[in-house]
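Commentary on secondary and tertiary structure
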Amino acid sequence: MVFQLKRVIKNRHMNQSFTVYRSSGDWVDFEWVENTPEVLTITGIISIASEKEMENLDFADRVKGAIVIHSIEKLNITRDDGTEKGTSDKVVWRGEEYKVKSSSPYADYGYYKSIAVRIKGN
Amino acid sequence: MSEQFITDKQFEKIIANIISLILECTEEEKKKIRINWPEEGQPAFLITDNMVFINGYEVDDMYNRQREHQDTYETSPDAFARETSYTRVMLTNIILYGPLSFENAQKIRDGFFAEEHRITLAKNKIYMIPDNPSPKRVPEYFEGRWWKRYDISLRFNMLTTKESTIERVESAEIVLLEGDGGSEIETIEIAE
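Residues take numbers from 1 onward in each chain, read along the sequence in its written order. Going through the entries in the order they are written, you letter the chains from A and number the ligands from 1. With the structure being a predicted model, the display of local features is reserved for residues of pLDDT at least 70 and the display and counting of side-chain atom pairs for 80 or more, all residues being used for whole-chain, interface and lining totals. Computation of side-chain values covers all heavy atoms of the structure but excludes hydrogens and water.

Before going further, it helps to spend a moment on the overall build of chain A. A tally of helices and strands in chain A yields one helix and 10 strands. Going residue by residue from the N terminus, the α and β elements of chain A occur as α-β-β-β-β-β-β-β-β-β-β. Its C-alpha atoms put chain A at 50 × 40 × 20 Å along the principal axes. Here the term buried applies to any residue with accessible area under 20% of the maximum for its type, exposed to any over 50%, and partly exposed to those in between, with areas from a 1.4 Å probe on protein chains only. The buried share of chain A, taken over its 122 residues, is 35%. To qualify as a helix, a DSSP run of H or I must reach at least 4 residues; to qualify as a strand, a run of E must reach at least 2; elements of each kind are numbered from the N terminus.

Structure below.
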């Protein structure tokens, strides 16, 4: 039997709850139109994938960063499987919004690992 | 004549709509004609899907720089109505994927010459420049497979008209001075 790491993620001393905005949409008049996102509360372990970093651009200082999320529930990246379509989930963590860029399906071990990038820009 | 100004997005939609008519798309097939650069991104497609992607924007051209003004006096309001018109030269990039990308590229290239589509464009003051380059074959490599792709670029002249108001001169005061900055000889007031 495969060791289930979800027990670690479920550990209430380590995990935390965070808000996820799940998008769905369709093409209307040649444009992708998003519906009002579904608001979910998900539990998982969040740590830093890359620190907040400033880029000195000619027009502004742009700030970016990324977090890594270990969760029992799968976070979505942009998808169209015929029935369900939408862009990547957005995660709100410590008051800032991150968009899921990668998803590692370690479902066989009882969890998912996702990386989300900070989207605000400033 | 009224103001005439079409945004890039409106232009792309006019072109997309004509392409859907040329390709005789059903409502579901129309969803495979998509405008590029959506703010939040958009889901991708399969190698078996026949897709059309469109982007349009103004390009630099000698025509863009010529402006015409026409002033017409109006009694109410008591001013001149100025109409400024110029041509914007618009480029449309049409990117086709899928097993029928070659056939669809040919249909689109030929279809824009059809009278019905010329009339639709003319209603929006858009006129295709008939010097169309041929579709370009640009297969795209993605994760171990080559995806069929053809690109077409079409150019259009688009009339833009803007309206503004120019106040007319209602009165003037002319002062005659003696010598260089000398004393005033006479003041003439001209009014209606």
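Turning to helix α1 (residues 8-22) of chain B, a few remarks are in order. Here, expected helix span is obtained from the residue count minus one, scaled by 1.5 Å. Here α1(B) spans 21 Å end to end across 15 residues, near enough to the 21 Å set by a 1.5 Å rise per residue. Among the residues trailing α1(B), Glu24(B) stands out with phi positive, at a value near 50°.

Here we come to the packing of α1(B) against helix α4 (residues 115-123) of chain B. All names here are of chain B. Geometry is summarised by axes, namely lines fitted to C-alpha atoms with helices restricted to the contacting stretch, and by angles between N-to-C directions that run from 0 to 180 degrees. As a packed pair, α1 and α4 sit with axes 11 Å apart at the nearest point and diverge in direction by 165°. The angle between α1 and α4 falls in the class roughly antiparallel. α4 is crossed by α1, and the crossing has right-handed handedness. Facing Ile14, Ile15, Ile18, Leu21 and Ile22 of α1, the residues of α4 in contact are His117, Thr120 and Leu121. All amino acids are sorted into three groups, where Ala, Val, Leu, Ile, Met, Phe, Trp, Tyr, Cys and Pro are nonpolar, Asp, Glu, Lys and Arg are charged, and the leftover types, Gly among them, are polar. For the contact of α1 with α4, the class distribution of residues is six nonpolar, two polar and no charged. When an angle is under 35 degrees it counts as roughly parallel; over 145 it counts as roughly antiparallel; between 65 and 115 it counts as roughly perpendicular; any other value is oblique. Handedness of each helix crossing follows the sense of rotation of the near helix against the far helix: counterclockwise by less than a right angle gives left-handed, clockwise gives right-handed. Residues count as neighbours in contact if any of their non-hydrogen atoms are within 4.5 Å of one another.

The next subject is the interface of chain A and chain B. Counting residues at the interface gives 15 residues for chain A, matched by 16 residues for chain B. It is Trp27(A), Phe30(A) and Glu31(A) in chain A that bury the most area against chain B; as a group they hold 57% of the surface buried on that side. Criterion for a salt bridge: a side-chain nitrogen of Lys or Arg within 4 Å of a carboxyl oxygen of Asp or Glu. Taken together, chain A and chain B are joined by six salt bridges. Between Asp29(A) and Lys13(B) there is a salt bridge, and its shortest N-O distance comes to 3.4 Å. We call two N or O atoms a polar contact when they sit within 3.5 Å, provided that within protein one can donate a hydrogen and the other can accept it, with sequence-adjacent residues counted only if both atoms are side-chain atoms. Where chain A packs against chain B, one counts eight residue pairs in polar contact (both at pLDDT 80 or more). The residue inventory of the side of chain A that touches chain B, partitioned by class, reads three nonpolar, three polar and nine charged. Summed over both partners, the accessible surface that disappears when two parts come together, traced with a 1.4 Å probe, is what is meant by buried area.

The next subject is the sheet that holds strand β4 (residues 38-56) of chain A. Residues and elements named next belong to chain A. When DSSP locates at least two bridges between a pair of strands, those strands are taken to pair. Pairing in this closed barrel of six strands is antiparallel, and the strands run β1-β4-β5-β10-β9-β8 around the ring. Averaged over neighbouring strand pairs, the angle between their axes works out to 45° when direction is ignored. The pairing of strand β8 (residues 90-93) with strand β9 (residues 96-104) spans four bridges and is antiparallel. Note that in β9 the partner of Val91 across the bridge is Tyr98.

Enumeration over the complete set of coordinates arrives at 22 salt bridges over all chains. The salt bridge partner of Glu31(A) is Lys9(B), with a shortest N-O separation of 2.7 Å. Taken as a pair, Glu31(A) in strand β3 (residues 31-34) and Lys9(B) in helix α1 lie in two separate chains rather than in one. Each of the salt bridges in this network shares a partner with another, and the network as a whole consists of Asp29(A), Glu31(A), Lys9(B) and Lys13(B).

It is a general feature of regular strands that their side chains alternate between the two faces of the sheet. Residues and elements named next belong to chain A. Pairing between strand β1 (residues 16-22) and β4: seven bridges, direction antiparallel. Of the residues in β4, the one forming a bridge with Thr19 is Thr41. Pairing geometry for β1 and β8, over three bridges, is antiparallel. Paired with Thr19 across the two strands is Val92, which belongs to β8.

Attention now moves to the packing of aromatic side chains. The relative placement of two aromatic rings is captured by the distance of their centres and the angle of their planes. A pair of aromatic rings is counted whenever rings of Phe, Tyr or Trp (Trp by its six-membered ring) have centres within 6.5 Å, and the orientation is called stacked for planes under 30 degrees apart, edge-to-face for over 60 and tilted otherwise. One pass over the structure, following the stated rule, counts 13 aromatic pairs over all chains. Our definition puts a charge over a ring when NZ of Lys or CZ of Arg is within 6 Å of the ring centre and also within 35 degrees of the ring normal. One residue, Arg34(B), lies across the ring of Trp27(A), its end atom 3.4 Å from the ring centre. It is Lys162(B) that lies over the ring of Phe5(B); its NZ or CZ is 4.8 Å from the centre.

To continue, consider the side chain of Arg22(A). All names here are of chain A. Positionally, Arg22 belongs in strand β1. Within the structure, the side chain of Arg22 is placed 3.1 Å from the backbone oxygen of Lys74, a separation counted as a polar contact. Those residues in contact with Arg22, other than ones at most four positions away along the chain, are Pro37, Glu38, Leu40, Lys74, Leu75, Asn76, Arg79 and Asp89.

Residues and elements named next belong to chain B. Taken as a whole, α4 has its buried residues at His117, Leu121 and Ala122. Within α4, the buried residues cover an arc of 140° as seen down the axis, which keeps them to one side. In α4, the exposed positions that point more than 90 degrees away from the buried face belong to Glu116 and Lys123. Contact partners of the buried residues in α4: α1, α3 (101-111), β5 (126-128) and β9 (149-167). Looking at the residues trailing α4, positive phi occurs at Lys125, about 60°. In this context, the arc is that of the directions from the helix axis out to the C-beta atoms.

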